[in-house]
Amino acid sequence: MNEKILITGGSGFVGRNIIEVLLKQRPSAQLYNLSRTALPEKRVSHIPCEDAATFDFNDIKEEFHHIIHTLALSNEAYCKDLSYAEKVNIDFTKKLLTFSSQQKN
């Protein structure tokens, strides 16, 4: 089976480590990294996300078998603006859950 796996925040510390494991353990899977930064691995497609607070999942046409969510603001400096941190850490997660509920798999 050609699995499609979406990883949000795949260029961050946790996401990047998960991708490394998936590349080894799931050799036939196609990985999709939803983040600001593209990764150089051939099996990792980049879904650009310049700002998670305004990201629109309606622009994604792929169907995924699995979704791994690691995108978040965790650095205290980024969380000083609580309204923005809420948009990224809470509202983005809610939009991701809605998106995931619409997946066929």
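Every residue gets a number counted from 1 within its own chain, in the order that chain's sequence is written. With the structure being a predicted model, the display of local features is reserved for residues of pLDDT at least 70 and the display and counting of side-chain atom pairs for 80 or more, all residues being used for whole-chain, interface and lining totals. Note: side-chain values were computed over all heavy atoms of the structure, leaving out hydrogens and water.

Participant: Is there a simple way to think about the overall build of the protein in this case?
Facilitator: Helix numbering and strand numbering both begin at the N terminus, where a helix is a DSSP run of H or I of at least 4 residues and a strand a DSSP run of E of at least 2. If you tally the helices and strands in the protein, you get two helices and four strands. Seen in sequence order, the protein has helices and strands lined up from the N terminus as β-α-β-β-β-α. Every radius of gyration here is taken over C-alpha atoms, with the globule rule written as 2.2 Å times N^0.38, N being the number of residues. Taking 2.2 N^0.38 as the reference for a compact globule, 105 residues should give roughly 13 Å; the C-alpha atoms of the protein span a radius of gyration of 14 Å, in line with that estimate. Across its three principal axes, the protein shows a C-alpha extent of roughly 45 × 30 × 15 Å. Expressed as a percentage of its 105 residues, the buried residues of the protein come to 34%. Any two residues whose heavy atoms approach within 4.5 Å at even a single point are treated as in contact. In the protein, the proportion of contacts linking residues at least 24 apart, taken out of those at least 6 apart, comes to 60%. Total accessible area on the protein stands at roughly 6,700 Å², and carbon and sulfur atoms take up 52% of it. In this charge count, Lys and Arg are treated as positive and Asp and Glu as negative; neither His nor the chain ends contribute. For the purpose of locating charges, the reference atoms are NZ of Lys, CZ of Arg, CG of Asp and CD of Glu. Charge-centre separation for the protein: the mean point of 13 positive side chains lies 5 Å from the mean point of 13 negative side chains. Each residue is assigned to one of three classes by its accessible area relative to the maximum for its type, calculated with a 1.4 Å probe on protein chains only: buried under 20%, partly exposed between the two thresholds, exposed over 50%. For accessible areas, the Shrake-Rupley method is used with a probe of radius 1.4 Å. Any residue's cover is judged against the shown protein chains and nothing else.

Participant: Sorry if this is basic, but what is going on with helix 2 (residues 82–101) here?
Facilitator: Count 3.6 residues to each turn of an α-helix, and residues three or four apart come out pointing the same way. Compared with the 28 Å implied by 1.5 Å per residue over 20 residues, the 27 Å span of helix 2 between its first and last C-alpha is a close match. The reported bend at a residue is simply the angle between two axes, fitted to the 7 residues ending at it and to the 7 residues beginning with it. At Asp91, helix 2 shows its maximal kink, close to 30°. All of the buried residues in helix 2 are Ala85, Val88, Phe92, Leu96 and Phe99. Looking at the buried side of helix 2, the elements it contacts are strand 1 (4–8), strand 2 (30–35) and strand 4 (66–69). Expected span of a helix, by definition, is 1.5 Å for each gap between consecutive residues, and there is one gap fewer than residues.

Participant: Can you help me understand helix 1 (residues 13–25) in this one?
Facilitator: Here helix 1 spans 19 Å end to end across 13 residues, near enough to the 18 Å set by a 1.5 Å rise per residue. Of the positions making up helix 1, those classed as buried are Gly15, Ile19, Leu22 and Leu23. The arc that holds every buried residue of helix 1, seen down its axis, measures 100°, which confines them to one face. Exposed residues on helix 1 whose side chains face more than 90 degrees from its buried face are Phe13, Lys24 and Gln25. Buried residues along helix 1 sit in contact with strand 1, strand 2, strand 3 (44–48) and strand 4. The directions from the helix axis to the C-beta atoms form the arc being described.

Participant: Would you mind going over the pairing of strand 2 with me for this structure?
Facilitator: It is a general feature of regular strands that their side chains alternate between the two faces of the sheet. Strand 2 sits mainly inside the fold: five of its six residues count as buried. The pairing criterion for strands is at least two bridges between them, as found by DSSP. Pairing geometry for strand 1 and strand 2, over five bridges, is parallel. Looking at strand 2, one finds that Ile7 is bridged to Asn33. Crossovers are described as right-handed under a simple rule: with the strands pointing away from the observer, the path leading from the first strand over the helix to the second runs clockwise. Note that the unit made of strand 1, helix 1 and strand 2 has a crossover that is right-handed.

Participant: Got a minute to help me understand the pattern of salt bridges in this structure?
Facilitator: Side-chain pairing between opposite charges can occur once the charged atoms of the two side chains come close. Only one rule defines a salt bridge in this text: a Lys or Arg side-chain nitrogen within 4 Å of an Asp or Glu carboxyl oxygen. Applying the stated criterion across every chain, the model contains two salt bridges. Salt-bridge contacts for Glu3 lead to Arg26; the nearest nitrogen and oxygen are separated by 2.6 Å. On the criterion of sequence distance, the pair formed by Glu3 in the segment before strand 1 and Arg26 in the loop between helix 1 and strand 2 is long-range, its members being 23 residues apart. The class of Glu3 is buried, set by a relative accessible area of 11%. A salt bridge links Glu62 to Lys4; its shortest N-O distance comes to 2.6 Å. Highlighted residues: Glu62 in the loop between strand 3 and strand 4 and Lys4 in strand 1, separated in sequence by 58 residues. When its relative accessible area of 27% is taken as the criterion, Lys4 is described as partly exposed.

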